[in-house]
Amino acid sequence: MAKKAFLAGRQEFAALYGVKPTQVTQWVARGVLNYDHAVIVSGSPYWLLSFVRSFGEMTPRAKGLDEHLLKQLAASQEPGAWVRSKAEVPPLVGLQEATALFGLSTQQNLSAVVRQGRFAPTDYQLSGSPLWLLDTLIKAAPEIQARSRSVMWAVVPQVEAALKQGRYTGPGSTIIPRGSAAAKAV
């Protein structure tokens, strides 16, 4: 099984620097922060924790990092690795990718199954979102299928291959602007 990379979503990033999550969004909008060191899963960025811990030193005005919280976040993701490149992050799956991976018609049904604990245990819980290593879901698929009474839970080979090869372009593969950012994009 692939080793997990230490990651931080928007909420964790903000907490590490003692700001609100909206501040992280503002950093992106102002060009202080970008997604070069983030993987996009279910339409949300998850930055490499190795990048996040040094981010405060790279900004024009240095920002202090909460070292205690950093240790707690890394410990919550053990066993993990301090990776330096997105290429080192094994394929990740959120609710949108899992919906496509299992050929489900709506993410809503999958969300209910996850909430009820009838799905594979998550590898990450970041910024309020469940995330899995692709390997975790592929390995769990037969058991998930065996417990299901109404859904087939068959892995779609094309989606699995695209996720493994880093060429997945389905739902969740990009960040869709919302709010004022969406208005500017039109």
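Look a little higher up for the structure.
Residues numbered from 1 in each chain as written. Predicted model: local features only at pLDDT ≥ 70, side-chain atom pairs only at ≥ 80, totals over all residues. Heavy atoms only, no water.

**Examining the overall build of the protein**
Spelled out, the test is: Counting from the N terminus, the helices are the DSSP runs of H or I reaching at least four residues and the strands are the DSSP runs of E reaching at least two. Taken over C-alpha atoms, the radius of gyration is set against a globule rule of 2.2 Å times the number of residues to the power 0.38. The classification of residues rests on relative accessible area computed with a 1.4 Å probe and restricted to protein chains. Under 20% of the type maximum is buried, over 50% is exposed, and intermediate values are partly exposed. Contacts are assigned to residue pairs with any non-hydrogen atoms lying within 4.5 Å of each other. Note that accessible areas follow from Shrake-Rupley with a 1.4 Å probe, and for residues the cover is restricted to the protein chains shown.
Along the backbone of the protein there are nine helices and eight strands. Relative to the 2.2 N^0.38 estimate, which gives 16 Å for 186 residues, the radius of gyration of the protein is 17 Å and therefore close to what a compact globule would have. When the backbone C-alpha atoms are referred to their principal axes, the protein occupies close to 55 × 40 × 30 Å. Within the protein, the fraction of its 186 residues that count as buried is 41%. When contacts within the protein are restricted to residue pairs at least 6 apart in sequence, those whose partners lie at least 24 apart make up 70%. Accessible surface computed for the protein: about 10300 Å², of which carbon and sulfur atoms make up 53%.

**As for the nonpolar core**
Worth spelling out the cut-off: As used in this record, nonpolar core signifies buried Ala, Val, Leu, Ile, Met, Phe, Trp, Tyr and Cys residues forming a set joined through side-chain atoms within 4.5 Å.
In terms of nonpolar packing, the biggest core is built from 32 residues, with Phe13, Leu49 and Val52 touching the most fellow members. Val52 has contacts with Ala8, Phe13, Leu16, Tyr17 and Trp47, leaving out every residue within four places of it along the chain. Judged by nonpolar contacts, the second largest core, of 22 residues, contains Trp132, Leu134, Val159 and Ala162.

**Some remarks on the layout of surface pockets**
Keep this limit in mind: In the cavity and pocket records, a cavity denotes points on a 1 Å grid over the protein atoms alone where a 1.4 Å probe fits but cannot get out, a pocket denotes an open set with protein on both sides within 12 Å along at least 5 of 7 lines, and lining residues are residues with an atom within 4 Å of a point. Grid points are joined across faces, edges and corners, and a volume is the space filled by probe spheres set on the points. Charged means Asp, Glu, Lys or Arg here, nonpolar means Ala, Val, Leu, Ile, Met, Phe, Trp, Tyr, Cys or Pro, and polar covers whatever is left, Gly included.
The calculated volume of the second largest pocket comes to roughly 390 Å³. Lining the second largest pocket we find 16 residues, and of these Val39, Ile40, Leu92, Leu163 and Gly166 sit closest to its centre. Looking at the lining of the second largest pocket, the element that brings in the most residues is strand β3 (residues 38-41), giving three residues. Residues of the lining of the second largest pocket, tallied by class, amount to nine nonpolar, three polar and four charged.

**With respect to the pairing of strand β8 (residues 129-133)**
Here is the rule: Only when DSSP finds a minimum of two bridges between them are two strands counted as paired.
Burial runs high along β8: four of the five residues are buried. Of the strand pairs in this sheet, strand β6 (residues 92-93) and β8 are connected by two bridges, and their pairing is antiparallel. By the bridge assignment, Val93 is partnered in β8 with Trp132. In this structure, strand β7 (residues 124-126) lies alongside β8, joined through three bridges in antiparallel fashion. The residue of β8 that forms the bridge with Tyr124 is Leu131.

**A few points about the packing of aromatic side chains**
The line we're drawing: Under the pairing criterion, centres of Phe, Tyr and Trp rings, with the six-membered ring standing for Trp, must be within 6.5 Å; the plane angle then separates stacked pairs below 30 degrees from edge-to-face pairs above 60, leaving the rest tilted. Charge-over-ring contacts are defined here by two conditions on Lys NZ or Arg CZ: a distance within 6 Å of the ring centre and an angle within 35 degrees of the ring normal.
Throughout the structure, instances matching the rule amount to 12 aromatic pairs. A centroid spacing of 6.4 Å and a plane angle of 80° characterise the contact between Tyr17 and Trp27, whose relative ring orientation is edge-to-face. Note that Tyr17 is positioned in the loop between α1 (10-16) and α2 (21-29) and Trp27 in helix α2, a separation of 10 residues in sequence. By relative accessible area, Trp27 is classed as buried at 2%. By way of ring pairs, the aromatic residues Phe13, Tyr17, Trp27, Tyr35, Trp47, Phe51 and Phe55 are connected into one cluster. One residue, Lys4, lies across the ring of Tyr124, its end atom 4.9 Å from the ring centre. The positively charged end of Arg53 is found above the aromatic ring belonging to Trp82, 4.0 Å away from the centroid.

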